[in-house]
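What the coordinates show
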Amino acid sequence: MKENKVDERRRKLLIWLGLGLSGLSAAFAGIPILASVFAPLLVKVPPLWRPVADLQGFEIGTIRLVTFQNADPRAWAGSEAHTAAWLRRDAENAFTAFSANCTHLGCPVRWEKDAELFMCPCHGGVYYKDGTVAAGPPPRSLRRYPVRINKGKVEIQTSPLPLTPLTA
């Protein structure tokens, strides 16, 4: 009878020890996940202006794909630290920059010069040259970046991607 009580205590101790170690390892595994979810809410990365083009040689009415470094690149990101935008020269000192990603699922859009349309090859999204939706599943217009001219260079203001849906 005494051995049964000892075995039962041992069994309960091992169960609690196993549950405790499992909970502890789950908590340690969850730290990086929670950090990646909450870090953008706690750490504010200021918007940055990135040079993307020279004023010289950029004709009015032209649309060109430009690349620039993200606002919050990670040291290990490599080529993923860069993103792209479609830059249009509207007038002598006026530019419009559109995100190169479809608002449906983020696929890259391409500019079709002859049709004057942005087209998403993934799900058939189509945008007019002003970035508004022409056809397909995209729920919103292409995202626009703030643009300025600084010392003969065209600059785009970057900021970390928000967790909420973007508006045009």
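Residues numbered from 1 in each chain as written. Predicted model: local features only at pLDDT ≥ 70, side-chain atom pairs only at ≥ 80, totals over all residues. Heavy atoms only, no water.

Here we take up unusual backbone geometry. Positioned with a positive phi, E116 is a non-glycine residue whose angle comes to about 55°. On the secondary structure map, E116 appears in the loop between β5 (110-112) and β6 (117-119). A positive phi angle, close to 55°, is found at K151, a residue other than glycine. Secondary-structure assignment places K151 in the loop between β10 (147-150) and β11 (153-158). (Helix = DSSP H or I, 4+ residues; strand = E, 2+ residues; numbered from the N terminus.)

This part takes up the sheet that holds strand β9 (residues 144-145). Spatial strand order, β2-β3-β4-β9: four strands in an open sheet with antiparallel pairing. The outermost strands of the open sheet, each flanked by one partner alone, are β2 (63-69) and β9. (Pairing = 2+ DSSP bridges.)

Time to look at the pattern of salt bridges. Evaluated as defined, the whole model comprises eight salt bridges. With a closest N to O distance of 3.6 Å, R10 and D7 form a salt bridge. Here R10 pairs with D7, and both are found in helix α1 (residues 2-42), just three residues apart, close to one helical turn. For R10, a relative accessible area of 49% puts it in the partly exposed group. When its relative accessible area of 34% is taken as the criterion, D7 is described as partly exposed. The residue K12 makes a salt bridge to E8 at a minimum N-O spacing of 3.8 Å. Remark: E8 and K12 occur in helix α1; sequence separation between them is four residues, near one turn of the helix. The exposure class assigned to K12 is partly exposed, which follows from its relative accessible area of 49%. (Salt bridge = Lys/Arg side-chain N within 4 Å of Asp/Glu carboxyl O. Buried < 20%, exposed > 50% of the residue type's maximum accessible area, 1.4 Å probe, protein only.)

Okay, the pairing of β10 next. Direction of pairing for β10 relative to β11: antiparallel, over a ladder of four bridges. Paired with R148 across the bridge in β11 is E155. Counted between consecutive antiparallel strands, the loop separating β10 from β11 contains two residues, among which K151 sits at a positive phi close to 55°.

Right, let's talk about the confidence of the model for the chain for a bit. Caution applies to low-pLDDT regions: their predicted coordinates should not be interpreted in detail. The pLDDT averaged across the chain works out to 83; a share of 88% of its residues lies at or above 70. Throughout residues 163-168 the model reports pLDDT below 50, and contacts reaching past four residues in sequence, or to other chains, amount to seven contacts. (pLDDT = per-residue confidence, 0-100. Contact = heavy atoms within 4.5 Å.)

What follows concerns the pairing of strand β4 (residues 94-99). Look at any regular strand and the pattern is simple: side chains alternate between the two faces of the sheet. Among the six residues of β4, five are classified as buried, and the element is accordingly described as predominantly covered. With six bridges joining them, strand β3 (residues 82-91) and β4 adopt antiparallel strand pairing. Note on β4: the bridge partner recorded for L87 is A97. Between β3 and β4, which follow one another and run antiparallel, lie two residues. Where β4 lies against β9, two bridges are found, and the strand directions are antiparallel.

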